[in-house]
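Chain residues, written in single-letter form:
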Amino acid sequence: MKSDLTKLGLKCSWQDLTEGMQIYGEKTSEEFNTGEWASVKPAMDNEKCINCLLCVPVCPDSCITVVDGKRAPLDYAHCKGCGICVKVCPVNALIMKGVK
């Protein structure tokens, strides 16, 4: 059973809420711009990047994608600023910066 994501944010009764510890929908970050929650986000130095793609699989929100075998621009609309990609980068091409 999956929740109707279009009803989120509307007034609903407690009977309409899902039980705890259960997932009723997937890929919800695509429906919402969750990136606006972050106070810091990764910045890419393209000159340092060796395109090893180690940052891609560790991003919990799939904000770093691959197009034609190369890293695509970061998806800041959905990045929550966790910094995992920064930690895994072997050449320090990613650094965390404050959001303005």
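In what follows, the structure referred to is the one given above.
Residues numbered from 1 in each chain as written. Predicted model: local features only at pLDDT ≥ 70, side-chain atom pairs only at ≥ 80, totals over all residues. Heavy atoms only, no water.

## Topic: the overall build of the protein
Note the following rule: Here a strand is any run of E in DSSP of at least two residues, a helix any run of H or I of at least four, and the numbering for each starts at the N terminus. Exposure is judged per residue with a 1.4 Å probe applied to protein chains only, and the accessible area is read against the type maximum: over 50% gives exposed, under 20% gives buried, and values in between give partly exposed. Whether two residues touch is decided by their heavy atoms; if any such pair falls within 4.5 Å, the residues are in contact. In this description, accessible areas are obtained by the Shrake-Rupley approach with a 1.4 Å probe, and a residue is regarded as covered only by the protein chains that are shown.
Within the protein, the regular secondary structure consists of 2 helices and 4 strands. Secondary structure elements of the protein occur, N-terminal to C-terminal, as β-α-β-β-α-β. The proportion of buried residues among the 100 residues of the protein is 24%. Summarising the internal contacts of the protein: among those between residues at least 6 apart in sequence, 65% fall at separations of at least 24. Looking at the protein as shown, the accessible area adds up to about 7600 Å², and 56% of this sits on carbon and sulfur atoms.

## Looking at unusual backbone geometry
Peptide bonds are trans in most cases, and residues, glycine excluded, mostly fall at negative phi. In this structure, asparagine 51 takes a positive phi of about 60° despite not being glycine. Phi is positive for aspartate 68, which is not a glycine, with a value near 55°. Mapping aspartate 68 onto the fold places it in the loop between strand S2 (66-67) and strand S3 (70-71).

## Notes on the pattern of salt bridges
Put simply, the test is: A carboxyl oxygen of Asp or Glu within 4 Å of a side-chain nitrogen of Lys or Arg is what we treat as a salt bridge.
Under the criterion given, the structure shown has 1 salt bridge. Taking the shortest distance from any N to any O, the salt bridge between aspartate 61 and lysine 80 comes out at 2.8 Å. On the criterion of sequence distance, the pair formed by aspartate 61 in the loop between helix H1 (55-58) and S2 and lysine 80 in the loop between S3 and helix H2 (84-88) is long-range, its members being 19 residues apart.

## A closer look at the side chain of histidine 78
Going by this rule: Identification of polar contacts relies on pairs of N or O atoms within 3.5 Å, with a donor-acceptor requirement for protein atoms, meaning one able to donate a hydrogen and the other able to accept it, and with residues adjacent in sequence counted only if both atoms are side-chain atoms.
Its place among the elements puts histidine 78 in the loop between S3 and H2. Accessibility expressed as a relative area gives 13% for histidine 78, which makes it buried. A polar contact is formed between the side chain of histidine 78 and the side chain of aspartate 75, at a distance of 2.7 Å.

## As for the nonpolar core
Cut-off, in case you're wondering: Think of a nonpolar core as a cluster: buried Ala, Val, Leu, Ile, Met, Phe, Trp, Tyr and Cys residues, connected wherever their side-chain atoms sit within 4.5 Å.
With 11 residues, the main nonpolar core is built from Cys55, Cys59, Cys63, Ile64, Leu74, Cys79, Cys85, Val86, Cys89, Ala93 and Leu94. With residues near it in sequence (within four places) discarded, alanine 93 still touches Ala43, Met44, Asp45, Lys48 and Cys49.

## Topic: the state of the cysteines
What counts, and what does not: Count a disulfide wherever a pair of cysteine sulfur atoms falls within 2.5 Å.
For the structure on display, the rule yields 0 disulfides. Between cysteine 49, a cysteine without a disulfide, and cysteine 55, which holds the nearest cysteine sulfur, the sulfur-to-sulfur distance is 6.6 Å. Free cysteine cysteine 52: the closest other cysteine sulfur is in cysteine 89, separated by 6.0 Å. Here cysteine 52 falls in the partly exposed class, since its relative accessible area comes to 35%.

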